[in-house]
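Read off the chains here:
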Amino acid sequence: MSPNGVRTLSPEGAITPTGTWNLGTRAGDFVFVAGMRGIDPATNTLVPDEEGRVRQAFLNMQLIAESEGASLQDAVRIVVYVTDMYRYRPIANKIQAELWGEGPYPPRTIVEVDRLNQDDIFEVEGTFYAPVD
């Protein structure tokens, strides 16, 4: 824990970080989740199909948020990175609708980037409100 109470998160069942970063942090009433990709936590490898990979990225983010008592509906902001806007934004919209249902949906920024780690196609990060009791 930091001197100001920022606590790093590494819940059971989550992916294993591959470098000098952590999955998330709690700072007061907020949970910040690092960019999650479609990595299967059981194997720590990328899910092979595109739709499955996008879904897994959202589920990886959800796991970390839920480990601190937040649901997807507690997302105050998400940021999505895709390597092809026209190809992957519709998949992201579909999976987000599946997971959030009829909404309300959090504010979202979606950015097309040239490249992601491991030549991946999709990454999502989120900020969640989870009041400390």
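Residues numbered from 1 in each chain as written. Predicted model: local features only at pLDDT ≥ 70, side-chain atom pairs only at ≥ 80, totals over all residues. Heavy atoms only, no water.

S.K.: Mind showing me how you'd approach the nonpolar core here?
M.R.: Here is a general trend for soluble globular proteins: nonpolar side chains tend to be buried in one another's company. One finds Met36, Phe58, Met61, Phe122, Val124 and Phe128 to be the most contacted residues of the largest nonpolar core, which totals 31 residues. When contributions to this core are tallied by element, the ones reaching two or more residues are β3 (30-36), α1 (50-66), β6 (75-82), α2 (85-100) and β8 (122-129). Setting aside residues up to four positions removed in sequence, phenylalanine 58 forms contacts with Ile78, Ala92, Ile95, Gln96, Leu99, Trp100, Phe122 and Val124. (Core = buried A, V, L, I, M, F, W, Y, C linked by side-chain atoms within 4.5 Å. Buried < 20%, exposed > 50% of the residue type's maximum accessible area, 1.4 Å probe, protein only. Helix = DSSP H or I, 4+ residues; strand = E, 2+ residues; numbered from the N terminus. Contact = heavy atoms within 4.5 Å.)

S.K.: Even after reading the chapter, I still don't get the side chain of glutamine 96, so can you show me in this structure?
M.R.: Assignment of secondary structure puts glutamine 96 in helix α2. There is a polar contact of 2.8 Å between the side chain of glutamine 96 and the side chain of arginine 108. (Polar contact = N/O pair within 3.5 Å; in protein donor to acceptor, adjacent residues only side chain to side chain.)

S.K.: Would you take a moment to explain the packing of aromatic side chains for this structure?
M.R.: Each aromatic ring pair is summarised here by two numbers: the centre-to-centre distance and the angle between the ring planes. Tallied over the full model, the rule gives four aromatic pairs. Seen from their ring centres, phenylalanine 58 and tryptophan 100 are 5.9 Å apart, and the 80 degrees between their planes marks the pair as edge-to-face. Taken together, the residues phenylalanine 58 in helix α1 and tryptophan 100 in helix α2 connect sequence positions 42 residues apart. We note that phenylalanine 58, like tryptophan 100, is buried. Put simply, the rings of Phe30, Phe32 and Tyr129 touch in pairs and so form one group of aromatic residues. (Phe/Tyr/Trp six-rings, centres within 6.5 Å; stacked < 30°, edge-to-face > 60°.)

S.K.: When you look at the pattern of salt bridges in this model, what are you seeing that I'm missing?
M.R.: When the charged atoms of two side chains with opposite charge come close together, those side chains can pair. Enumeration according to the criterion identifies nine salt bridges in this entry. The shortest N-O distance in the salt bridge between arginine 26 and glutamate 68 comes to 2.6 Å. You can see arginine 26 sitting in strand β2 (residues 24-27) and its partner glutamate 68 sitting in the loop between α1 and β6, a full 42 residues away along the chain. According to the relative accessible area criterion, glutamate 68 is buried, its value standing at 17%. (Salt bridge = Lys/Arg side-chain N within 4 Å of Asp/Glu carboxyl O.)

So yeah, pure geometry; function would need other evidence.
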